[in-house]
Amino acid sequence: MEAPVRLWVKTEPFLVGALPAPPPARLGPHYLRKMAAYARARAAEGCFPRLSWPRWRHIACGKLQLGRGLAWLYFELFHSLLRPDPPCSLEWAEAEAACTGPDELEQERSKAGAPSRAGRRGESPAHPNASFSPLLDTLQFLLFLYVQQVNKVSLRRSLIGEEWPSPRTKSPSLSGKSASENKNWNDQDHCAFMQSHLSDMLELLLGPEQLTASSHSTHSSLVSYEAVCALSFLIEGSVSKSRTVHPLHELALWQPCHGQNGYSKVSRAFSFPKLESWLRSCLTTNPFGMTACLKSGKKLAWAQQVEGTTRRAKIACNIRVVPEVFPMVIMSQVYKQTLAKSSDTLVGAHVRIHRCNESFIYLLSPLRSVTIEKCRNSTFVLGPVQASVHVHSCDNVKVIVVCHRLCLSSTSGCTFYILTPTQPLILLGNEAVSFAPFHTHYPMLEDHMAQVGLATLPNYWDSPMLVCKESGDTSVFRLLPPSDFYTFVIPFEMEGDTTETPGGLPHVYQKALSQREQKVQIWQKTVKEAGLTKDQRKQFQMLVENKFYEWLVQTGNRQQLDSLVPPAVGSKQAAG
């Protein structure tokens, strides 16, 4: 008999919330159980049912031995999952940018950690203009910390060949399983993780009276309704084959499920063994995840695309089926192409760009998250990214983006032109990384930034954070020398009001550009005053053009220019 409900693991907590690196040992299940007990015992001090930044800082730094920077990273990363209202994000950015030093910033964080919420779902603000509150849902935050285990390297699995802890291991294909498979994207891994760790996660949510002395459940343990509400942070579903998505706690209260999940209206709680059994029997692969997108996603049309080079490219999108779910766009094996798009299809999308080589890709819409992996010798120009950009296992790529967060792992020779209100995260396996200020614009850029709540200040483009011990060598990155810095022109016409780089450029980079421009003006003046005859001017122009052509070929820029020749029907803007 078919189960009356279907449940699946949400994409966001894994894709955006799981830091793509092995978690600290002190964030393992044993310590999280201790943290759960500690938080409940100190409810009066601001630890439960809501957790303040000062109390989490005390737990993280004093009990779990995490650094303060890492403690704030997890706190703020969880905050970004709650989809804060863009005006609230801009308000927080303004407050942070006004801080004059670390002490003042710490005071601001202590009173402004996360937006206020209605209920426990963590999906919508209590009020459209909700101000900041210093509190996070403690049970949801515990689950969020547990989810970090998805990227833990297993020694046992390494020994039997299922997994190998090498940051530069290559995988055979986009959908194939391998040692370096991106677990943050793989919905089948999310489901398997939930099935494997469901009992531990449920025990994290139990009150002390429901646990044994060793912090484990018994056959008679009861799971509170509030705990199931917290589990809705990770699980959602639908009734039978309906396309309406509901949070877990709503489905769990549906009358036909009570016999299976052990809900009692008297106690307003669920039987632990029955609830666990019901969850296991109903959990299935996410119908809106990567697997479904690859299997049945539609092919995207592109405004700018060179004919004759698309045979290998695979580009799919699962359209916005329901408003609660962000769309996905997956691009793979784009080779020697220029692709450009700005449309509603991309707005709020999770984008995965995989195995692209010698290409120029422009995605000029506000995006939710972007993952760029196993790409080489390519340039990616992205619209503002509300959550995170993760670049993994890439060589010699340029990424130009305004984003909330940038994460790097296993990259070599890559350059990032960024505007970001958080420190770029340098994880494992990086070398020869260059950071530079964001240096371009397109007409709708500032409107798109406002849509996702990103401001020009604060901007931590030049202050990366070395997250893992193995990445502690500061020689893995540098700030791009001003002498190597050039602005970037986006070669498409669009409607909009932005006419310059938002926030401008740092003084040393602006000065380098001005000096270079001055040299060009001196050169032009010298040529003008040289008194050349008409034939001499023509001969001189041919010489300059030949040298310029040689430079285009030598640098590979000729391919970029050739790929910008519009199709016969014309290409006024990057829409489609």
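For every chain, the first residue of the written sequence is number 1, and numbering continues from 1 onward in sequence order. The model is predicted, so local features are restricted to residues of pLDDT at least 70 and side-chain atom pairs to those at 80 or more, both for listing and for counting; the totals for chains, interfaces and linings are taken over all residues. To obtain the side-chain values, all non-hydrogen atoms of the structure were included, while hydrogens and water were left out.

- The name an unreviewed UniProt entry gives the protein is TBCC domain-containing protein 1, with Dromas ardeola as the organism.
- UniProt positions are given in the numbering used here, feature names are shortened, and annotations may be inferred rather than shown by experiment. According to the UniProt record, the Sequence similarities (unreviewed entry) comment for the protein reads "Belongs to the TBCC family."

Looking at the confidence of the model for the protein
Then comes step 1: The pLDDT averaged across the protein works out to 85; a share of 82% of its residues lies at or above 70.
Then comes step 2: Per residue, pLDDT captures the predictor's confidence, and it can take any value from 0 to 100. Two residues form a contact once any of their heavy atoms are found within 4.5 Å. Segment residues 113-131 is flagged for pLDDT under 50; beyond a separation of four residues in sequence, or across chains, it makes 53 contacts in the model.
Then comes step 3: Here residues 158-180 is a poorly scored stretch, pLDDT under 50, and it has 52 contacts once near neighbours within four places are set aside; other chains count.

A few points about helix α9 (residues 187-204)
Then comes step 1: Note that bend, as reported per residue, equals the angle between axes fitted to the 7 residues terminating at that residue and the 7 residues originating from it. Segments assigned H or I by DSSP are reported as helices when at least four residues long, segments assigned E as strands when at least two residues long, and all are numbered from the N terminus. Residue H197 marks the point of greatest curvature in α9, where the axis turns by about 65°.
Then comes step 2: Each residue gets one of three labels from its accessible area relative to the maximum for its type: buried under 20%, exposed over 50%, partly exposed in between, using a 1.4 Å probe on protein chains only. Looking only at α9, the buried set comprises D187, D189, H190, C191, F193, M194, L198, M201, L202, E203 and L204.
Then comes step 3: Residues adjacent in sequence count toward polar contacts only when both atoms are side-chain atoms; beyond that, a polar contact is any pair of N or O atoms within 3.5 Å, and within protein one must be able to donate a hydrogen and the other to accept it. The backbone nitrogen of Q188 has a side-chain oxygen 2.9 Å away, supplied by the residue at the start of α9, namely N186.

Regarding the packing of helix α3 (residues 53-63) against helix α4 (residues 68-81)
The angle between the axes and the distance between the axes are what describe a pair of packed helices.
Then comes step 1: One way to put it is that α3 packs onto α4 with a least axis distance of 9 Å and a crossing angle of 130°. Of the possible angle classes, the one that applies to α3 and α4 is oblique. As for how α3 packs across α4, the hand of that crossing is right-handed. Here W53, W56, R57, A60 and C61 of α3 come into contact with α4, specifically with R68, A71, W72, Y74 and F75. Every angle, taken between N-to-C directions, lies between 0 and 180 degrees, and every axis is a line fitted to C-alpha atoms, over only the stretch in contact when it is a helix. Here roughly perpendicular refers to angles of 65 to 115 degrees, roughly parallel to angles under 35, roughly antiparallel to angles over 145, and oblique to all remaining angles. For any helix crossing, the convention is left-handed if the near helix is rotated counterclockwise from the far helix by under a right angle, and right-handed if that rotation is clockwise.

A few points about unusual backbone geometry
Then comes step 1: The omega angle of the peptide bond from F48 to P49 is 5°, so this bond is cis rather than trans.
Then comes step 2: Along the chain, P49 turns up in the loop between α2 (29-41) and β2 (50-52).
Then comes step 3: Look at the link from L457 to P458: it is a cis peptide, with omega at -5°.
Then comes step 4: If you trace the backbone, P458 turns up in the loop between α15 (445-451) and β25 (465-466).
Then comes step 5: In the Ramachandran plot, R355 falls in the positive-phi region, its phi being about 55° despite a non-glycine side chain.

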